[in-house]
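Observations on the three-dimensional arrangement
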Amino acid sequence: MTVAEDVCTETADATAVGVPAASAMAVGTAAQEVGLKRGEFAIAVHLGLIRLMAPRDGGRPRVGRDEIERLRSQDGFPEALRERVRTVGTAEGARQLGISPDRFTRFARAGCLTPITFYLNRYRAIVWLYLADELTGFAAREPQLLTGRSPGWLRDRLEGGADCRAGNWRSRRVERLLSLTEDPWARVAVLADTLDPVQLAEVVDDPYERAYLARLRPEPAFGPTGPVWARETMAHLMRADEPDELLWRRVNLIMELDNAREVRPAPRPGGDRRAIPSPGSERAPAPDPRADADADADARSKSQSRSGPESDLVPGVPSSVPPSPCSGPGPVHAPTGAVEPVVGLLARIGLRRRTSREANRRQSPPGRATFGE
């Protein structure tokens, strides 16, 4: 059985507006109206050629009647639209470029060509597809790669076992989805979808936040398709697997997560509206003189009870956590009475030193580099 990939129809670009039933239609009907197959329609949505709308009361995205009319009014419709979303496999792409299929595969593995979608054949193997338009542009930009011997950088990359197809496809998908939404938690959900559950739990340690991200995860416009094993394969393919990519995804996820937490907290069970302030209603609480006095007295008592080098430690920071190498110059100014641990960026992405290694670092002679052992 051949199972087409339908993941590139995520609806992070959908506008949360009320969509009258008479002026909108399901995506399947819209695909028939514009003369596109399901896979072609999915690619058109992914490329931003067709805009989707989400009903205010939830449910699957729909396509407005005015959007269909806009497409029909374009020059060359529908042939021009079909040509923009036309995809080719390895054999047809090699014929288009005038090279052998083996050379085409080498270009794709080295990262010269980026897939737009894929499908799983009857042997459960991944078959990558490429935009015909992009192959034409590649031939115009890099004619020297199509003839003669491959350059040294390309040979070295392939000899090292590189295969950039999955990573390039993920990057293209993530960049597209991030460009289509400004909601901070929706952006976090896009990046969270690139990590496996273990990696995600290390970065997002709050289970309520992870549950919220699961609800915001981009979904295909046509809904889940294919058998369970096919959906599992596709879900695995969406997750970063190379060390450099994992590090990059985690760093970006941390930055987006910090921004989302500043805008609004994730919803909590019980419907406590105090945890989710409405926009524009945030107001700093009035200072309590008695609480400040108690905090100052407690801080003085703790300071007097300390002795030795530990008296210079920031309150709430374990001695086993080293300072973040990403911290900029100058002191760190914390709010009055703050007791939360100061955790650096590298510590949060999983590069925090273990207690034993910190002890070894303290015992090592001056001038010895211990970071990255």
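Preceding this section is the structure that the text describes.
Residues numbered from 1 in each chain as written. Predicted model: local features only at pLDDT ≥ 70, side-chain atom pairs only at ≥ 80, totals over all residues. Heavy atoms only, no water.

Grouped together as the largest cluster of nonpolar side chains are 26 residues, with contacts concentrated most on F104, F107 and L113. Mapped by element, the contributors of at least two residues to this core are α5 (90-97), α6 (101-109), β7 (117-120), β8 (126-131), α7 (132-141), α8 (152-159), α9 (165-179) and α13 (228-237). With residues up to four places along the chain from it excluded, the contact list for L113 reads F104, F107, A108, Y130, L135, F138 and N168. A189, L195, A240 and A260 belong to the second-largest nonpolar core, a separate cluster that totals 22 residues. (Core = buried A, V, L, I, M, F, W, Y, C linked by side-chain atoms within 4.5 Å. Buried < 20%, exposed > 50% of the residue type's maximum accessible area, 1.4 Å probe, protein only. Helix = DSSP H or I, 4+ residues; strand = E, 2+ residues; numbered from the N terminus. Contact = heavy atoms within 4.5 Å.)

Moving on, we come to the pattern of salt bridges. All told, the structure shown has 20 salt bridges when counted by the stated rule. Between R70 and E67 there is a salt bridge whose closest N-O contact spans 2.6 Å. Taken together, the positions of R70 and E67, both in helix α3 (residues 65-72) and 3 residues apart, correspond to about one turn of that helix. For R70, a relative accessible area of 27% gives the class partly exposed. Residue E67 is classed as buried on the basis of its relative accessible area, which comes to 5%. Residues R249 and E245 are paired through a salt bridge, measuring 3.8 Å at the closest nitrogen-oxygen approach. Remark: E245 and R249 occur in helix α14 (residues 243-263); sequence separation between them is 4 residues, near one turn of the helix. Linked through salt bridges whose partners overlap, the residues forming this network are E33, R65, E69 and R72. (Salt bridge = Lys/Arg side-chain N within 4 Å of Asp/Glu carboxyl O.)

Inspection of the sheet shows β7 paired to β8 by 4 bridges, in the antiparallel sense. Following the sheet pairing, Y119 is matched in β8 by V127. Counted between consecutive antiparallel strands, the loop separating β7 from β8 contains 5 residues, among which R124 sits at a positive phi close to 65°. (Pairing = 2+ DSSP bridges.)

Residue placement: N121 occurs in the loop between β7 and β8. Here N121 falls in the buried class, since its relative accessible area comes to 18%. A polar contact of 3.0 Å, which involves the side chain of N121, links it to the backbone nitrogen of Y123. (Polar contact = N/O pair within 3.5 Å; in protein donor to acceptor, adjacent residues only side chain to side chain.)

This structure, assessed with the given rule, holds 6 aromatic pairs. Arranged with centres 6.3 Å apart and planes meeting at 55°, the rings of W128 and W169 form a pair that is tilted. With a gap of 41 residues between them, W128 in strand β8 and W169 in helix α9 connect regions that are remote in the sequence. Among the aromatic side chains, those forming a connected cluster through ring pairs are F118, W128 and W169. (Phe/Tyr/Trp six-rings, centres within 6.5 Å; stacked < 30°, edge-to-face > 60°.)

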